[in-house]
Each structure stands twice: as structure tokens, then as C-alpha cells.
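In case you want the letters, here they are:
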Amino acid sequence: MKWRLMCLATLLLPDLALDPFRGGLAASLRHPLGTDDLGRDALLRLSLAAIRSLGFASACALLALALGLLLAWQGRRFIGAWSALRSLPPLLFVLPLSLAVGGLSAWPLGLLLGLLIAPHLEPALRHRMDHLRHSPAWAAERTLGAPWNSILRRWWPWGWQQAAALFPSAWISALWGEATLSALGLGPGPGHDSLGRLLAEELPRLSSDPSPLGWAALFSVLLLAWTSVPRPTV
Amino acid sequence: MGWLVWGLGLALAFGLPGATWRASAPPVFPWHTVGPTLLAITSMALGAPLLAWIGGPPLTRQRPLALLEAPPDLLWAALVLALWPAAWGPPELSGWLVAFLAASLPGEVRWLAQAMPTEYPFPLAWGASAVKRVRRLVLMRLWGRWLAARLPIWLTATLVLERVLGVPGLGTDWMTRVSVRDRAGLTLWVLGLALLWTLSQVLDRDLA
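Residues numbered from 1 in each chain as written. Chains lettered and ligands numbered in written order. Predicted model: local features only at pLDDT ≥ 70, side-chain atom pairs only at ≥ 80, totals over all residues. Heavy atoms only, no water.

A word on the confidence of the model for chain B
Detailed reading of predicted coordinates is not advised where the pLDDT is low.
Piece 1. When pLDDT is averaged along chain B, the result is 86, and 95% of the positions lie at 70 or above.
Piece 2. Confidence estimates for the predicted assembly give a pTM of 0.86 and an ipTM of 0.83. (pLDDT = per-residue confidence, 0-100.)

Below, the structure is given as C-alpha cells:
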């Protein structure tokens with residue numbers, strides 16, 4: 001979870017400088033994947049786009065986790081509603097909505113993804129919350145009337161452990177949600193460079209004239225997908 | 001409570017805010033894609049349980065299956081686009097079917113394998129034929145609930161694949177009706193999804 005949270009800082013990284021006169025250069029020692037149409041080094045652009053996508057997914061996952069916690073803690077009466085919301089994958093909502101409004105910018109998209117992923121985290125969070133609520137330690141905290149700041153201090157490591165177990169699934173949903181939307185041209189505009197945005201540029205060329213950048217972008221997606229698969233426990 | 005959410009969804013579909021700047025007619029339902037869609041659903045509805053029957057619950061621990069399941073639908077569509085031989089023409093419905101099965105089958109096999117009860121110590125101790133028989137009975141019980149629960153996920157997968165491969169189908173129909181604010185068509189879609197949810201809830205209760 002820590003490295004994923006560290007990716008949040010990459011959202012503050014500046015854009016690469018444009019140099020249209022050096023656009024479309026072939027791969028060389030100086031530019032291992034060549035340059036894109038606007039003269040940016042393709043390898044550098046791919047790295048920056050990928051790491052920004054990770055940062056964006058981390059922000060969405062944090063939001064989803066916070067909302068999921070709220071649903072699990074306070075929304076016990078609406079379990080049926082969360083179940084109905086869970087029956088539809090987030091992208092089934094977001095794709096038509098984005099088409100209807102002509103594309104979603106970064107922050108509304110992040111908010112929407114967070115809102116739609118939260119009900120999917122709710123059952124697992126509720127299960128963990130129930131363990132906490134029925135534990136003698138929690139009953140003691142309530143009986144003794146411990147102040148919230150001391151409760152938080154004591155229970156923080158446990159909370160962090162539970163969040164760390166659920167964070168990767170929310171993170172990967174947000175990552176692929178944003179990548180799919182951007183790759184289909186319905187995500188944030190050119191101001192928000194991401195892996196999906198890169199794929200949107202490279203997808204039309206893939207069938208006729210695939211570039212090294214297109215293949216590298218596909219390989220990055222595959223690598224990210226494979227590294228997100230949990231290791232089997234013995 | 002779930003029905004309240006679906007009621008809100010219906011109300012939203014009926015009173016969808018906004019209007020397109022130029023009024024456009026609602027799209028004609030893509031009847032020509034019903035055949036290939038049924039073929040895809042049948043392949044999935046038979047293929048996934050068959051693989052789960054052969055592999056059983058140990059499939060959930062298979063790393064190759066997890067690695068096949070991990071990539072997003074988008075990657076499969078892009079790979080079909082990139083690797084489709086130019087001599088075969090554009091990857092139309094056949095390309096879509098290949099991408100759909102590649103994107104969805106591993107996940108479905110894992111879903112079914114995860115839903116199957118553990119086989120140790122019984123029926124494993126009773127021998128291979130008992131194991132196969134128990135797997136068959138379990139899969140027959142799971143089949144309806146699995147289909148009802150997973151169809152919206154397949155619709156999402158096909159929506160992405162259709163957009164990348166340029167093959168209009170059911171996913172595109174759902175999306176176009178939102179963009180042209182076809183309230184009647186959307187209401188039918190929401191009703192269909194609500195029906196699937198209800199069916200999965202009822203079958204879930206039966207299984208429990």
C-alpha cells in the first residue's frame with residue numbers, strides 16, 4: 001500500500017516540454033522508443049503517463065476506501081441498496097455518462113470512480129467492522145468511555161492493516177477504469193496525460209502501423225496487471 | 001431496499017436530464033448482433049462450467065489462470081487489433097468473439113471454482129468419479145445464479161471491446177441510448193438489469 005500511496009506525489013509532476021519540430025523521430029540511442037508526434041521522448045512520456053495513472057488510481061482508491069468505511073459503519077440499514085449498486089460494474093455507468101456529457105475531466109472522474117467502487121468494498125469492510133464491534137476490547141473502550149483520539153491512536157495499526165488488505169482491489173479497479181475511459185477517448189482531456197490517454201493515441205495505429213511506443217504501452221498495461229496479481233500463499 | 005435503488009434508476013432513465021443539441025432518433029436495436037451475442041453467451045455458459053468441472057476448486061490456486069484473468073478487457077481488444085492478420089480483413093464479429101472469450105473466460109472459470117465447496121476430505125476420499133459427480137451437481141445448482149450475476153459484467157466487457165474494435169453490438173446500444181437520451185429504450189435496459197439483479201438475489205437465497 002505504501003508504494004501506491006507514494007504515487008500520489010506524481011500527480012504534482014510537471015508536463016514534459018513540447019518540441020513539435022522533433023516529432024515522430026525513430027528509435028535511437030538518445031530516444032530508445034523514438035519521440036511522439038509532439039516531440040516528447042516516448043520512453044520518458046510512457047514512464048510519466050504510467051506513474052501518473054498509478055497516482056490517480058491511488059487517489060480514487062483512497063476516496064473509495066473512505067466512502068466504503070462510511071457505508072460499512074453507518075449504512076447497515078441500506079445493505080439491499082449497496083447490493084443493487086454492486087450488481088452493476090462501475091464502467092457500465094461511467095462510460096455512457098461520459099459520452100453523454102462529452103467526456104469527464106480528471107477530478108469529477110476520480111470522484112465518480114470513488115463513489116462507484118465504494119459499494120464493492122462495503123461487504124468486506126462490514127465483515128471487518130463486525131469483528132471489531134463484537135470484540136471485548138471494543139466493548140471495553142465503549143464502557144470506559146475512552147476519548148476518540150486515544151481510540152484512534154490504539155486502533156490505527158489495526159485499521160491500517162485492514163485498509164492495506166482492501167486497497168489493492170480498489171486501486172486496480174480505479175486504474176483500469178481510468179485507463180479504459182481515457183483509451184476510448186472519453187476520459188480527461190490532453191491536460192491529464194495517462195496510460196489510457198497514450199493508448200487512445202496508439203490504438204488506431206496498432207492494426208496498420210504499430211509504433212514502439214504503442215507496443216511499450218501495451219506491455220506496461222500487461223506488466224501492471226501481472227504485478228497486481230497476489231502471490232499465492234502456502 | 002434494492003428495489004428502491006432500481007426504482008431510482010428507472011426514474012432517472014425516464015427523466016434523464018439534458019438534451020442533445022440536435023435532436024436525433026433513437027438507435028434501431030442491433031438485431032443483427034443478437035445471433036453472435038447468443039453464440040458468445042452460449043460459449044461462455046458452457047465453456048466456463050466445463051473448465052470448472054474439469055479443474056474444480058484447485059483452479060483458484062492456479063497462478064497461470066490468475067495471470068490470464070488480470071489484464072483489463074482493453075488489453076485483449078488492443079492485442080486482437082494488433083495481431084489480427086491484415087489478410088483476414090478488419091477483426092469484425094469473429095475478432096470481437098475471440099477478444100470477449102479471452103477477456104472473460106478466465107475470470108468466469110475462477111468465479112465458478114471459487115464458489116465450489118472444498119473437496120477435502122470428502123468427496124476426494126470417495127474417489128475420482130464421486131468428485132466429478134459432486135462437481136457436476138454443484139455446477140448445475142450454481143449455473144443460473146452465476147449467469148444472472150455475471151451478465152452485467154459481460155455487457156461491460158463487450159461495451160469496451162465493441163468501442164475498440166468498432167463492432168456495434170448490445171453494449172454500444174446501451175451507450176448510444178444514454179447519449180441520445182432515448183428514455184423509453186433506457187427504461188427497458190434498466191428494467192432488464194433490475195430483473196437480472198432480482199433473479200440473482202432469489203437464486204442466492206435458494207442456494208443458501
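Overview of the interface of chain A and chain B
Piece 1. Every contact between the two is made by 36 residues of chain A and, on the other side, 33 residues of chain B.
Piece 2. The junction of chain A with chain B conceals about 3100 Å² of combined surface from both sides, 79% of it contributed by carbon and sulfur atoms.
Piece 3. Between chain A and chain B we count zero salt bridges in total.
Piece 4. Linking chain A with chain B are four residue pairs in polar contact (both at pLDDT 80 or more), by the criterion used here.
Piece 5. Contributions of two or more residues to the side of chain A that touches chain B are made by helix H3 (79-86), helix H4 (90-100), helix H7 (148-183), helix H8 (195-206) and helix H9 (212-227) of chain A.
Piece 6. Looking at the side of chain A that touches chain B, its residues break down into 29 nonpolar, five polar and two charged. (Contact = heavy atoms within 4.5 Å. Buried area = accessible area lost by both parts, 1.4 Å probe. Salt bridge = Lys/Arg side-chain N within 4 Å of Asp/Glu carboxyl O. Polar contact = N/O pair within 3.5 Å; in protein donor to acceptor, adjacent residues only side chain to side chain. Helix = DSSP H or I, 4+ residues; strand = E, 2+ residues; numbered from the N terminus. Nonpolar A, V, L, I, M, F, W, Y, C, P; charged D, E, K, R; others polar.)

Quick word on the packing of aromatic side chains
All names here are of chain A.
Piece 1. Throughout the structure, instances matching the rule amount to 14 aromatic pairs over all chains.
Piece 2. Their ring planes at 75° and their centres at 5.5 Å tell us that Trp3 and Trp171 sit as a pair that is edge-to-face. One end of the pair, Trp3, is in helix H1 (residues 2-6); the other, Trp171, is in helix H7, with 168 residues separating them in the sequence.
Piece 3. Overall, the relative accessible area of 1% leaves Trp171 in the buried class.
Piece 4. Site record: aromatic cluster; members linked through ring pairs are Trp73, Trp138, Trp155 and Trp158.
Piece 5. The side chain of Arg4 reaches across the aromatic face of Trp171, ending 4.5 Å from its centre. (Phe/Tyr/Trp six-rings, centres within 6.5 Å; stacked < 30°, edge-to-face > 60°. Buried < 20%, exposed > 50% of the residue type's maximum accessible area, 1.4 Å probe, protein only. Lys NZ or Arg CZ within 6 Å of the ring centre and 35° of its normal.)

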